[in-house]
Amino acid sequence: MMQITDKLGRPIRDLRISVTDRCNFRCTYCMPKEIFGDDYAFLPKQELLSFEELIRIATQYAKLGVKKIRITGGEPLLRRDLPELIEGLNQIEGIEDIGLTTNGLLLKKHGQALYDAGLRRLNISLDGLDETFENINGRGIKASQILEQIDYAKSVGFDIKVNMVVQKGLNEHQILPMVDYFKNKEITLRFIEFMDVGNDNGWNFDKVITKKEMIAYISKHFDIKPQQPKYFGEVAKYYEHDNGAKLGFITSVSESFCSSCTRVRLSSDGKIFGCLFATDGYDLKAFIRSGVSDDVLKEKLTDLWSHRSDRYSDERTEETVKNRQKKKINMNYIGG
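Reading guide: rules and limits
- Residues numbered from 1 in each chain as written.
- Predicted model: local features only at pLDDT ≥ 70, side-chain atom pairs only at ≥ 80, totals over all residues.
- Heavy atoms only, no water.
- Helix = DSSP H or I, 4+ residues; strand = E, 2+ residues; numbered from the N terminus.
- Contact = heavy atoms within 4.5 Å.
- Polar contact = N/O pair within 3.5 Å; in protein donor to acceptor, adjacent residues only side chain to side chain.
- Buried < 20%, exposed > 50% of the residue type's maximum accessible area, 1.4 Å probe, protein only.
- Lys, Arg positive; Asp, Glu negative; His and termini not counted.
- Salt bridge = Lys/Arg side-chain N within 4 Å of Asp/Glu carboxyl O.
- Pairing = 2+ DSSP bridges.
- Axes fitted to C-alpha atoms, helices over the stretch in contact; angles between N-to-C directions.
- 1 Å grid on protein atoms, 1.4 Å probe; cavity = no way out; pocket = protein on both sides within 12 Å on 5 of 7 lines; lining within 4 Å.
- Points joined across faces, edges and corners; volume = space filled by probe spheres on them.
- Disulfide = S-S within 2.5 Å.
- Phe/Tyr/Trp six-rings, centres within 6.5 Å; stacked < 30°, edge-to-face > 60°.
- Lys NZ or Arg CZ within 6 Å of the ring centre and 35° of its normal.
- Arc of directions from axis to C-beta.
- Parallel < 35°, antiparallel > 145°, perpendicular 65-115°, else oblique.
- Left-handed = near helix turned anticlockwise from the far one by under 90°.
- Nonpolar A, V, L, I, M, F, W, Y, C, P; charged D, E, K, R; others polar.

Points about the environment of Arg70
So, step 1. Relative to the elements of secondary structure, Arg70 occurs in strand 2 (residues 68-72).
So, step 2. Counting along the chain gives 54 residues from Arg70 to Arg16, while the straight-line C-alpha distance between them is 4.8 Å.
So, step 3. Setting aside residues up to four positions removed in sequence, Arg70 forms contacts with Leu15, Arg16, Ile17, Gly99, Leu100, Thr101, Arg121 and Asn123.
So, step 4. Looking at Arg70, its side chain comes within polar contact range of the main-chain oxygen of Leu100, at 3.2 Å.
So, step 5. Here Thr101 takes part through its side chain, which lies 3.1 Å from a polar atom of the side chain of Arg70.

Below, the structure written as structure tokens:
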């Protein structure tokens, strides 16, 4: 295996694969129902990369240094026969870890098959325990429904992280209830600073509660201590309760992590992006469907990463949408 770096000296370690742009939720910060209505035209099946194509791409990335793969969407559990992809990815030499990000609603339906295929880690999105969550997800789904799915997934054997996007004025009152609920569940809870993730959501600093503010608030009620990062490029900053339960903070806004970003993103229709906030992606689907060999594919992937210089979160720190009307990619398309 060779190890390549980009223009800023960052190695490639992680591949994020969006397997669908569809979702059964309409979360206000990701796929607001005002934009993604019942008549919204999602990608037709033939525009999605096949499992064979995804495995082929991941195999070449593994040769360049990728060790971790995360399956995202949209809602990845809406992709038919997903366990087949997990099984195929698990057979790639060099891949050490495969995770999946989900809203959790379909875990009872698909969880056992995914576990049997080799999936072991889940990131489950849950933005509160009260009716606020119903309003955020846009479908009236109760938190209790997701908690049942989480308990089921835990019983199957999955290692689970729960992610909460915190928005000032919306769900910050759920921070303490979430900490209290999950600290005895052997489940890592992670708080994500609200960030602008698409064309349809204007950046608003008024909605951001920083890691520093959250820690100060939580520390008044719980005894938590900071932990050292486990590896280069670890996104979350972790803290630990006295019982060993972990809390994570993803500082999307207040402490950007561009300098250690080791992730490459593959969109559901086969475009490669070096950053969640990238404006344009390389059409890898058209490239591989032109009949190129694996060696040529590997050369192209090497070239794309070697020329990567994305550092959008660093650059945006002192800017707002008002003076930067820049086209951005929606999260349901590129994957979170």
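What follows continues from the structure just given.
Comments concerning the side chain of Asp127
So, step 1. In this fold, Asp127 is placed in the loop between strand 4 (121-125) and helix 4 (131-137).
So, step 2. No salt bridge is formed by the buried Asp127, whose closest oppositely charged neighbour, Arg190, lies at an N-O distance of 11 Å.
So, step 3. Within polar-contact distance, the side chain of Asp127 engages the backbone nitrogen of Val165 at 2.9 Å.
So, step 4. Sequence-distant contacts of Asp127, that is, excluding residues within four places in its chain, are made with Tyr29, Phe133, Ile136, Asn163, Met164, Val165 and Asn171.

Some thoughts on the sheet that holds strand 12 (residues 282-283)
So, step 1. With respect to topology, twelve strands assemble into an open sheet ordered 7-8-9-6-5-4-3-2-1-10-11-12, the strand pairing being mixed. Strand pairing shows two members of the sheet lacking a second neighbour, strand 7 (224-226) and strand 12, which therefore form its edges.
So, step 2. Pairing of strand 1 (residues 14-18) with strand 2, which is carried by five bridges, proceeds in the parallel orientation. Directly across from Leu15, in strand 2, lies its bridge partner Ile69.
So, step 3. Taken strand by strand, helix 7 (residues 211-219) contacts strand 5 (159-166), strand 6 (188-193), strand 7, strand 8 (237-241) and strand 9 (246-250), and its axis lies near 155 degrees from that of strand 9.

Remarks on the pattern of salt bridges
So, step 1. Taken as a whole and assessed by the stated rule, the structure comprises 14 salt bridges.
So, step 2. One salt bridge connects Glu47 with Lys285, and the closest N-O pair in it is separated by 2.7 Å. Taken together, the residues Glu47 in the loop between strand 1 and helix 1 (51-63) and Lys285 in helix 8 (residues 284-288) connect sequence positions 238 residues apart.
So, step 3. On the accessibility criterion, Glu47 (32% relative accessible area) is partly exposed.
So, step 4. Owing to a relative accessible area of 9%, Lys285 belongs among the buried residues under this scheme.
So, step 5. We note a salt bridge from Asp269 to Lys271, for which the minimum N-O separation is 3.2 Å.
So, step 6. Beyond isolated ion pairs, a larger network of salt bridges with shared partners links Asp6, Arg10 and Arg308.

As for the layout of surface pockets
Where empty space is left can be seen by rolling a probe of water-molecule size over the atoms.
So, step 1. Here the second largest pocket defines a volume of roughly 270 Å³.
So, step 2. Lining the second largest pocket are 13 residues, with Lys45, Leu48, Leu78, Arg79 and Arg80 sitting closest to its centre.

As for the state of the cysteines
So, step 1. Taken as a whole, this structure holds zero disulfides when the rule is applied.
So, step 2. Left unpaired, Cys23 is separated from the closest cysteine sulfur, that of Cys27, by 6.4 Å.
So, step 3. Here Cys23 falls in the buried class, since its relative accessible area comes to 16%.

Some thoughts on the pairing of strand 10 (residues 263-266)
So, step 1. Alternating positions in strand 10 separate into two faces, Arg263 and Arg265 on one and Val264 and Leu266 on the other, with burial throughout.
So, step 2. The pairing of strand 1 with strand 10 spans four bridges and is classified as parallel. What sits directly across from Leu15, in strand 10, is Val264.
So, step 3. Looking at chain direction, strand 10 and strand 11 (residues 271-273) are connected through two bridges and run antiparallel. Looking at strand 11, one finds that Leu266 is bridged to Ile272.
So, step 4. Connecting strand 10 to the antiparallel partner strand 11 that follows it, the hairpin turn spans four residues, and Gly270 within it adopts a positive phi of roughly 90 degrees.

Points about the packing of aromatic side chains
So, step 1. Scanning the entire structure with this criterion turns up nine aromatic pairs.
So, step 2. The ring centre of Tyr115 lies 3.7 Å from the NZ or CZ of Arg120, which sits over that ring.
So, step 3. Above the plane of the ring of Phe287 lies Lys300, whose end atom (NZ or CZ) is 5.7 Å from the centre.

Observations concerning helix 3 (residues 107-116)
So, step 1. Every buried residue of helix 3 is listed here: Leu107, Gly111 and Leu114. Burial along helix 3 is one-sided: seen end-on, the buried residues are contained in an arc of 80 degrees. Exposed residues on helix 3 whose side chains face more than 90 degrees from its buried face are Lys109 and Asp116.
So, step 2. Summarising the contacts, the buried residues of helix 3 are in contact with helix 2 (82-90), strand 3 (97-102), strand 4 and helix 5 (143-156).
So, step 3. Just beyond helix 3, the residue with positive phi is Gly118, at close to 115 degrees.

A short note on the packing of helix 1 against helix 2
So, step 1. Here helix 1 crosses helix 2 at 25 degrees, and the two axes come no closer than 10 Å. Relative to helix 2, the element helix 1 lies roughly parallel. Helix 2 is crossed by helix 1, and the crossing has right-handed handedness. Residues Phe51, Leu54, Ile55 and Ala58 of helix 1 form the contact with helix 2, whose participating residues are Leu82, Glu84, Leu85, Gly88 and Leu89.
So, step 2. Looking at the contact of helix 1 with helix 2 residue by residue, the class counts come to seven nonpolar, one polar and one charged.

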